[in-house]
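Chain by chain, the residues:
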Amino acid sequence: MAETLRLMAVHAHPDDESSKGAATMARYVADGVEVLVVTCTGGERGDILNPAMDRPEVLANLPAVRQAEMEAAREILGVRQEWLGFVDSGLPEGDPLPPLPEGCFALVRLEVATEPLVRQIRTFRPHVVLTYDENGGYPHPDHIKTHEIAAAAFDAAGDPDRFPGAGEPWQPLKMYYFVTFHRERMLALHEALVVHGKESPYLDWIGAREDKPEPPRWPITTRVPCGDFFEVRDAALIAHATQIDPNGFWFACPPDLQREAWPTEDYHLARSLVDTELPEDDLFAGIREKVGA
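What you see is a predicted model; the values in this text were computed from it and never measured.

### As for the side chain of T242
Move 1: Mapped onto the elements, T242 comes out in the loop between α9 (230–239) and α10 (255–261).
Move 2: If near-sequence neighbours (up to four positions away) are discounted, T242 is found in contact with D47, I48, L49, N50, M53, V58, L62, V65, R66 and E69.

### Section: the environment of D282
Move 1: For D282, the location among the structural elements is in the loop between β7 (264–272) and α11 (287–291).
Move 2: In sequence terms D282 and F181 are 101 residues apart; their C-alpha atoms lie 20 Å from each other.
Move 3: Contacts of D282, omitting those with residues within four sequence positions, involve Y28, K174, Y176, T222 and R288.
Move 4: There is a polar contact of 2.7 Å between the side chain of D282 and the side chain of Y28.

### A short note on the pairing of strand β1 (residues 6–11)
Move 1: Counted residue by residue, β1 has six buried out of six residues, so it is predominantly covered.
Move 2: Of the pairings in the sheet, the one linking β1 to strand β4 (residues 128–131) comprises three bridges and is parallel in character. Residue pairing across strands places M8 opposite V129, the latter belonging to β4.

### Observations regarding the pattern of salt bridges
Two side chains that carry opposite charge are able to pair once their charged atoms sit near each other.
Move 1: Scanning all chains against the criterion turns up 14 salt bridges.
Move 2: In this structure, D31 engages R27 in a salt bridge whose closest nitrogen and oxygen atoms are separated by 3.4 Å.
Move 3: The partner of R288 in a salt bridge is D282, with the nearest N and O atoms 2.6 Å apart.
Move 4: With a relative accessible area of 10%, D282 lands in the buried category.

### Remarks on unusual backbone geometry
Move 1: Residue P96 is reached from D95 by a cis peptide bond, and omega for that bond is 5 degrees.
Move 2: Relative to the helices and strands, P96 is located in the loop between β3 (80–86) and α5 (110–124).
Move 3: The step from L278 to P279 runs through a cis peptide bond, and the omega angle for that step is 0 degrees.
Move 4: As for its placement among the helices and strands, P279 is situated in the loop between β7 and α11.
Move 5: With a phi close to 105 degrees, D15 is a non-glycine residue in the positive phi region.
Move 6: In this structure, D15 sits in the loop between β1 and α1 (16–19).
Move 7: D15 sits in the buried class, given a relative accessible area of 12%.

Calculation rules
Residues numbered from 1 in each chain as written. Predicted model: local features only at pLDDT ≥ 70, side-chain atom pairs only at ≥ 80, totals over all residues. Heavy atoms only, no water. Helix = DSSP H or I, 4+ residues; strand = E, 2+ residues; numbered from the N terminus. Contact = heavy atoms within 4.5 Å. Polar contact = N/O pair within 3.5 Å; in protein donor to acceptor, adjacent residues only side chain to side chain. Buried < 20%, exposed > 50% of the residue type's maximum accessible area, 1.4 Å probe, protein only. Pairing = 2+ DSSP bridges. Salt bridge = Lys/Arg side-chain N within 4 Å of Asp/Glu carboxyl O.

As structure tokens, this is what we get:
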């Protein structure tokens with residue numbers, strides 16, 4: 001009997017799963033892969049970024065609203081989802097930066113924060129884990145902490161001496177970092193809009209970075225073709241109504257032009273315990289052969 005492939009995506013807040021790797025997940029779900037999103041916090045300290053949702057009753061009940069949004073997005077993507085139950089740290093602003101709130105996710109000791117993710121890995125038994133790089137994709141304290149516990153759990157989950165009360169050991173075989181908002185992709189989307197005579201909102205984004213070196217990032221090793229699922233991704237994003245303005249930046253480039261300009265979602269292979277040949281177009285390259293899937 002061939003083993004069912006399993007993919008786990010570890011994210012900081014509800015909505016992160018829909019803005020990073022959502023089309024990839026939808027594609028693999030359609031292929032019969034089991035997919036689990038693990039959300040580390042409830043997004044309790046997130047701002048309301050959609051003017052239509054900036055209402056007193058929404059703000060007063062934001063944790064429950066964001067949970068309901070996550071459930072709607074989960075259903076659209078066809079994935080399973082689990083909460084780790086940590087409290088959103090918020091995004092500190094100012095110079096100097098204010099201290100983080102007491103008890104927030106970013107301040108939880110690494111061992112304490114890692115154990116529930118180890119439990120999720122041992123329960124779900126993923127072959128592949130997706131998460132952020134050491135900079136969090138962008139320097140939000142919860143994204144950085146998510147990277148830290150994902151890296152720690154990847155190593156600990158297969159070790160019977162680590163977290164012995166968290167289930168039977170299971171060793172994932174590959175871990176990837178998201179490489180989502182990079183310059184090449186944004187330029188490609190901008191140029192596609194211009195060629196088709198449409199206004200591009202990406203010009204300011206590109207211009208602000210034109211004379212600056214792009215921040216260091218991990219090289220793309222893996223490009224997953226998933227353009228057929230861009231509409232699913234967009235629907236999941238819109239489900240996060242407090243965070244996503246349906247008339248905003250996210251949807252400026254229509255899916256058909258995105259398929260023409262950049263039809264993949266991109267990743268860096270950070271850890272692999274199987275042989276694989278780079279570049280890849282499949283997160284399970286080297287695993288399908290190993291498990292007979």
